[in-house]
Amino acid sequence: MVIRKEDIHDLVERLSEDDRKTVFDFMQYLLNRSIQKEEGWQQINQADPDDESLTEEELRQLNSDAGYVTGEDAKREFGLQVDLP
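Here the structure is a predicted model, which is why all the values come from computation and not from measurement. (Residues numbered from 1 in each chain as written. Predicted model: local features only at pLDDT ≥ 70, side-chain atom pairs only at ≥ 80, totals over all residues. Heavy atoms only, no water.)

### Digging into the environment of Arg 14
Here Arg 14 shows up in the loop between helix H1 (5-13) and helix H2 (17-46). In this structure, the C-alpha to C-alpha distance between Arg 14 and Glu 57, residues 43 residues apart in sequence, is 58 Å. (Helix = DSSP H or I, 4+ residues; strand = E, 2+ residues; numbered from the N terminus.)

Below is the structure:
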């Protein structure tokens, strides 16, 4: 869903001063969160690969069909609006 900046500006203009402060604080939170996510992925990308072998239990779970849910089933069950494999 594309939201025009003008629509956001219009909504903010209609708010009380106290509510504008709340919107401002929330927007700062969103920006900080997106920066932290990006930094987190950079740390993951720079980490050494895990070369530890899987345990027998992990291998059993990996090769089992129990609990497997297709992307289509998940989409339907959770009302997702994205295409999943």
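### Things to note about the pattern of salt bridges
According to the stated counting rule, one finds seven salt bridges in the structure shown. Of the charged contacts in the structure, one is a salt bridge between Lys 21 and Asp 25, with a shortest N-O distance of 2.7 Å. Of this pair, Lys 21 and Asp 25 are both found in helix H2, four residues apart, which corresponds to roughly one turn of the helix. A salt bridge links Asp 73 to Arg 76; the shortest N-O distance between them is 2.5 Å. Taken together, the residues Asp 73 and Arg 76, both in helix H4 (residues 71-78) and three residues apart, mark about one turn of the helix. Judged by its relative accessible area of 34%, Asp 73 falls in the partly exposed class. Since its relative accessible area comes to 58%, Arg 76 is described here as exposed. Shared partners join several salt bridges into a network, and the residues in it are Glu 13, Glu 17 and Arg 20. (Salt bridge = Lys/Arg side-chain N within 4 Å of Asp/Glu carboxyl O. Buried < 20%, exposed > 50% of the residue type's maximum accessible area, 1.4 Å probe, protein only.)

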